[in-house]
2 protein chains.
Amino acid sequence: MKDDRYEIRFSGSGGQGIITMAIILAEAVGVYDQKYVCQTQSYGPEARGGTSKAEVVISNKPIDYPKAIKTDLLLAMNQASCNAYCSGLKPQGLLIVDSGFVEQIPFNRAVAIPFTQIAIKELKNQMVANMIALGAIASLSEIVSIKNLEKALKARTPQKTEGINLKALHAGLQSVKQYDITSLPESETSEDEDV
Amino acid sequence: MKDDRYEIRFSGSGGQGIITMAIILAEAVGVYDQKYVCQTQSYGPEARGGTSKAEVVISNKPIDYPKAIKTDLLLAMNQASCNAYCSGLKPQGLLIVDSGFVEQIPFNRAVAIPFTQIAIKELKNQMVANMIALGAIASLSEIVSIKNLEKALKARTPQKTEGINLKALHAGLQSVKQYDITSLPESETSEDEDV
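Residues numbered from 1 in each chain as written. Chains lettered and ligands numbered in written order. Predicted model: local features only at pLDDT ≥ 70, side-chain atom pairs only at ≥ 80, totals over all residues. Heavy atoms only, no water.

**Some words on the interface of chain A and chain B**
Listed per partner, the contact involves 25 residues of chain A and 25 residues of chain B. Put simply, chain A and chain B have zero salt bridges between them. Looking at the side of chain A that touches chain B, the elements that each hand over two or more residues are helix H1 (18-32) and strand S2 (36-43) of chain A. Looking at the side of chain A that touches chain B, its residues break down into twelve nonpolar, seven polar and six charged. For S2 of chain A and strand S2 (residues 36-43) of chain B, the ladder comprises seven bridges, and the chain directions are antiparallel. (Contact = heavy atoms within 4.5 Å. Salt bridge = Lys/Arg side-chain N within 4 Å of Asp/Glu carboxyl O. Helix = DSSP H or I, 4+ residues; strand = E, 2+ residues; numbered from the N terminus. Nonpolar A, V, L, I, M, F, W, Y, C, P; charged D, E, K, R; others polar. Pairing = 2+ DSSP bridges.)

Below, the structure written as structure tokens:
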């Protein structure tokens, strides 16, 4: 974590397990990695189109304002949420999308992975696409220790599905192995470039 | 909701389903009742003693600051969390405790119900004490429609446990039927009485 504040926004459709991802990441970093973390869901008129959004703010210091301001990382599990939240990314931020649901990627620094397709093909269960995405996020952001992410996942998952969720997490870590995000270009457009 | 902002804090031990309560209430009010809602978990040094805390802020207007400032309602599922968060209540606020785990109640406007004991005796499952508490909160606060709370519960609960969770919710509604909170005295001590 370069700066003192790292903001992640998870977004997608209701039913894609968006909030679960955020809670597991927040517990891994806050309880086990022992940083300051705020995890937030907000509901307003914009949240009623079937989209789901959850945020995690991580800091080495107490967090004054717990909602995301300019995100360092956006996960978009569908096109609607990608379109809705992409402009909230920092120019040097990172967009991660499920390439099965997001065709148009309006941001240079992006990684597209078929999370849901991997879940269906490799794990025979569409429901774990969120844990694959969480693995990818952990690997690309390096914001959380994998050991502590596994701990939090176990604490937040019914014992029956622990095995498949852990497999999904590791499939997610593997899925982005070939990506070198330092080589991605910086986005040239930003609505609130510092003066 | 008298004021434009209503703040609820859920607290207890890890494993008591504190965050689940908050998420279900937030979805019921935010998605189905269509108010503005922020639901937050914060993790810092204080969160590492095995206590769990989750907050829901409800408003008719967009919410500027999503964390609880002075709470209207505090649920304390154990003594440690009761002691930790009681001073954050408004003088006219309401404290609800699990009387099986909270013996000392440091606030006048309090309702003590044996949530966990009801869960064990009536529903043969300690795990649904949180849904009983959520039913009690819904009844006493009148902040959410019961129909929409049921909808959110169904959306957030594995189908297998939907039945017992709904039963627990209604046991919670019943458990506080005899309470008239308008008759409770206002707390006379407040750290930040308005000047």
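**Thoughts on unusual backbone geometry**
For Lys-124 of chain A, which is not glycine, the phi torsion reads 55° and is therefore positive. With respect to the helices and strands, Lys-124 of chain A occurs in the loop between helix H3 (115-123) and helix H4 (129-141).

**Examining the nonpolar core**
Phe-10, Leu-25 and Phe-115 of chain A together with Phe-10, Leu-25 and Phe-115 of chain B are the most contacted members of the largest nonpolar core, which has 103 residues in total. Discounting chain neighbours no more than four positions away, the residues touching Phe-115 of chain B are Leu-75, Met-77, Ile-96, Val-97, Asp-98, Ala-129, Ile-132, Ala-133, Ala-136 and Ser-175 of chain B. (Core = buried A, V, L, I, M, F, W, Y, C linked by side-chain atoms within 4.5 Å. Buried < 20%, exposed > 50% of the residue type's maximum accessible area, 1.4 Å probe, protein only.)

**Let's talk about the sheet that holds strand S5 (residues 89-98) of chain B**
Hydrogen bonds between backbone atoms are what pair the strands of a sheet, whose relative direction is either parallel or antiparallel. Strand order in the open sheet formed by twelve strands is S6(A)-S5(A)-S4(A)-S1(A)-S3(A)-S2(A)-S2(B)-S3(B)-S1(B)-S4(B)-S5(B)-S6(B), with mixed pairing between adjacent strands. The sheet terminates laterally at strand S6 (110-113) of chain A together with strand S6 (110-113) of chain B, the two strands that pair on one side only. Within this sheet the neighbouring strands show an average axis-to-axis angle of 15°, counted without direction. Sheet topology note: the strand S4 (residues 71-76) of chain A/strand S5 (residues 89-98) of chain A ladder contains five bridges and is parallel. Residue Leu-73 of chain A lies in a different strand from S5 of chain A, and its bridge partner there is Leu-94 of chain A. Packing against the sheet, helix H1 (residues 18-32) of chain B makes contact with S2 of chain A together with strand S1 (5-13), S2, strand S3 (51-59) and strand S4 (71-76) of chain B, and its axis sits at approximately 10° to S3 of chain B. (Axes fitted to C-alpha atoms, helices over the stretch in contact; angles between N-to-C directions.)

**A closer look at the environment of Ala-138 of chain B**
All names here are of chain B. Here Ala-138 lies in helix H4 (residues 129-141). For Ala-138, a relative accessible area of 4% gives the class buried. Residues contacting Ala-138, with those up to four places away along its chain left out, are Ile-143, Val-144, Ile-146, Leu-149 and Leu-173.

**Comments concerning the pattern of salt bridges**
Where charged atoms from two side chains of opposite charge come close, those side chains can pair. All names here are of chain B. Enumeration according to the criterion identifies twelve salt bridges over all chains in this entry. Between Glu-55 and Arg-9 there is a salt bridge, with the nearest N and O atoms lying 2.9 Å from each other. You can see Glu-55 sitting in strand S3 and its partner Arg-9 sitting in strand S1, a full 46 residues away along the chain. With a relative accessible area of 10%, Arg-9 lands in the buried category.

**A look at the pairing of S1 of chain B**
Residues and elements named next belong to chain B. For S1, the tally of buried residues reaches seven of nine residues, placing the bulk of the element in the interior. Bridge analysis of S1 against S3 gives nine bridges, and the strand direction is antiparallel. In the sheet register, Arg-9 faces S3, and the bridge partner there is Glu-55. Pairing geometry for S1 and S4, over four bridges, is parallel. Its bridge partner being in S4, Ile-8 is matched across the sheet by Leu-73.

**Comments concerning H1 of chain B**
Residues and elements named next belong to chain B. When the terminal C-alpha atoms of H1 are compared, their 21 Å separation across 15 residues agrees well with the 21 Å that a helix rising 1.5 Å per residue should span. Within H1, twelve of the 15 residues are buried, leaving the element largely enclosed by the surrounding structure. Once H1 ends, the next one or two residues include Gln-34, with phi positive near 60°. (Expected span 1.5 Å × (residues − 1).)

Structural measurements only, silent on function.
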